[in-house]
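Single-letter residue listing:
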Amino acid sequence: MDALTSRVVSFLRFPLIVAVIGIHCNLLVKNPELETRSVFYFLVYITMKLVCIAVPLFFFISGFLFFKEGTFDLVLYKKKIKSRIHTVLIPYLLWNIIYFLMLGIMQLIKPDTLFILHKHITDFRWQDYLWIFWDISQITGLADDQRACLVGAFWFLQCLFILFLLSPIIYYIIRYLRHFTLLIIGVLYFTDFIPEMPGIQCNAIVYYMLGAYLSIIGIDFISILKRIPVQVHLVLMIVAVLISYLFNDNDTIYNITDLFLQAAVFAITAYMIENHHWHESKYLVSSVFFVFAVHRLFSASLMTVSTYLVPSIGNDYCLYLYYLLMVILTLIASLAVYQFSLRFLTSVTYVLNGRR
């Protein structure tokens with residue numbers, strides 16, 4: 001992997017997790033009536049368009065890094081799966097247990113606390129204790145509940161680990177079909193015909209395979225993107241966002257504009273790093289997984305509070321600033337917990353953070 005590409009991929013991890021927080025602080029989720037406030041809706045739409053590329057890019061980076069050697073065999077596969085057990089699977093299990101214990105303590109203090117699971121732990125069947133690690137809708141029985149584990153944001157890790165396990169198949173598809181793989185990726189991307197289920201999401205497959213394709217074929221995508229002036233990428237980014245807003249009911253246009261945005265993010269980051277304007281913080285990069293695991297505790301609480309505060313905020317710009325404040329507070333709180341854990345529970349943090 002080219003040195004600049006490695007630096008770009010590493011640097012982007014923290015901004016992308018901030019973007020994920022931005023997704024989970026979206027006021028429109030709890031307050032859909034805000035769509036009638038045109039200025040606020042426009043600002044939030046633009047923001048969501050930008051931040052929602054974060055999760056696809058995380059899948060892309062994961063696929064790109066898994067196959068960074070450009071080759072593959074059984075020995076390497078075993079080594080990588082063993083590594084991912086420590087970096088993904090063990091933290092995944094432990095964080096779900098922590099969330100479950102927290103919920104149990106809350107129910108002991110206040111027995112009618114039924115949110116998330118909508119069920120008291122004393123009423124659990126033995127199967128329910130297993131479902132918290134995979135699909136809590138099987139516990140709640142509510143069709144509208146997210147089909148994911150107790151730590152809802154970890155649907156990403158569910159998909160990721162399934163893709164890790166399927167990596168030999170992905171490798172040989174790309175290895176023998178080569179550039180025809182792009183046709184498969186394109187069909188999946190624009191048709192989205194694979195039904196969503198725990199551990200399986202069409203977009204996850206698309207972006208993981210695209211990252212894998214670039215690594216296996218040996219395409220330095222950063223060098224290619226750098227051939228286009230950074231000013232052009234900035235213009236394309238603005239145009240892509242505006243076109244998406246004007247044609248927000250068209251899924252094809254939405255998907256195409258996402259590709260322009262993602263390319264621009266890589267190109268602009270590469271330009272800023274290469275020209276010494278942006279520098280990677282090892283501390284912030286190391287905090288990414290931990291922030292990912294804990295941020296929903298804070299964003300969900302702030303979202304609940306927002307249902308009471310939002311009606312009193314009459315100015316659209318002030319309301320948008322309130323949204324940004326929620327993102328900042330969630331980030332600060334998550335980093336504070338990480339710092340506390342790092343200082344006083346160093347060994348535990350090391351394991352919970354996937355040995356990062």
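Note that this is a predicted model, so its numbers are computed, not measured. (Residues numbered from 1 in each chain as written. Predicted model: local features only at pLDDT ≥ 70, side-chain atom pairs only at ≥ 80, totals over all residues. Heavy atoms only, no water.)

Asks: So what's going on with the overall build of the protein chain? Residues and values would help.
Replies: Looking only at helices and strands, the protein chain features 17 helices and 0 strands. Computed over its C-alpha atoms, the radius of gyration of the protein chain comes to 21 Å, within 12% of the 21 Å expected for a compact globule of 356 residues. For the protein chain, the spread of C-alpha atoms along the principal axes amounts to about 60 × 55 × 45 Å. The buried share of the protein chain, reckoned over its 356 residues, is 48%. (Helix = DSSP H or I, 4+ residues; strand = E, 2+ residues; numbered from the N terminus. Rg over C-alpha atoms; globule rule 2.2 N^0.38 Å. Buried < 20%, exposed > 50% of the residue type's maximum accessible area, 1.4 Å probe, protein only.)

Asks: Describe the packing of helix H3 (residues 38–51) against helix H16 (residues 316–344), naming the residues involved and giving the relevant values.
Replies: Taken N-terminus to C-terminus, the directions of H3 and H16 make an angle of 30 degrees; their axes are 8 Å apart at the nearest point. Remark: the crossing between H3 and H16 carries right-handed chirality. Counted together, Ser 38, Val 39, Phe 40, Leu 43, Val 44, Thr 47 and Met 48 of H3 and Asp 316, Tyr 317, Leu 319, Tyr 320 and Tyr 323 of H16 form the full contact between these two elements. When grouped by side-chain class, the residues that make up the contact of H3 with H16 number 9 nonpolar, 2 polar and 1 charged. (Axes fitted to C-alpha atoms, helices over the stretch in contact; angles between N-to-C directions. Left-handed = near helix turned anticlockwise from the far one by under 90°. Contact = heavy atoms within 4.5 Å. Nonpolar A, V, L, I, M, F, W, Y, C, P; charged D, E, K, R; others polar.)

Asks: Which residues make up the side chain of Asn 255, and what values go with them?
Replies: Mapped onto the fold, Asn 255 is located in helix H14 (residues 251–274). Judged by relative accessible area, which is 16%, Asn 255 ranks as buried. Setting aside residues no more than four positions away along its own chain, Asn 255 makes contact with Tyr 189 and Phe 190.

Asks: Account for a nonpolar patch on the surface, naming residues and giving values.
Replies: The grouping of Phe 190, Ile 228, Val 232, Leu 236, Ile 256, Leu 259 and Phe 260 at the surface amounts to a nonpolar patch, some 520 Å² of accessible area in total. Every element with two or more residues in the nonpolar patch is listed here: helix H13 (230–246) and H14. The element best represented in the nonpolar patch is H14, accounting for 3 residues. (Patch = residues over 30% accessible without salt bridge, like charges linked within 9 Å, V, L, I, M, F, W, Y side chains within 5 Å. Areas by Shrake-Rupley, 256 points an atom, 1.4 Å probe, with all protein chains shown as cover. Salt bridge = Lys/Arg side-chain N within 4 Å of Asp/Glu carboxyl O.)

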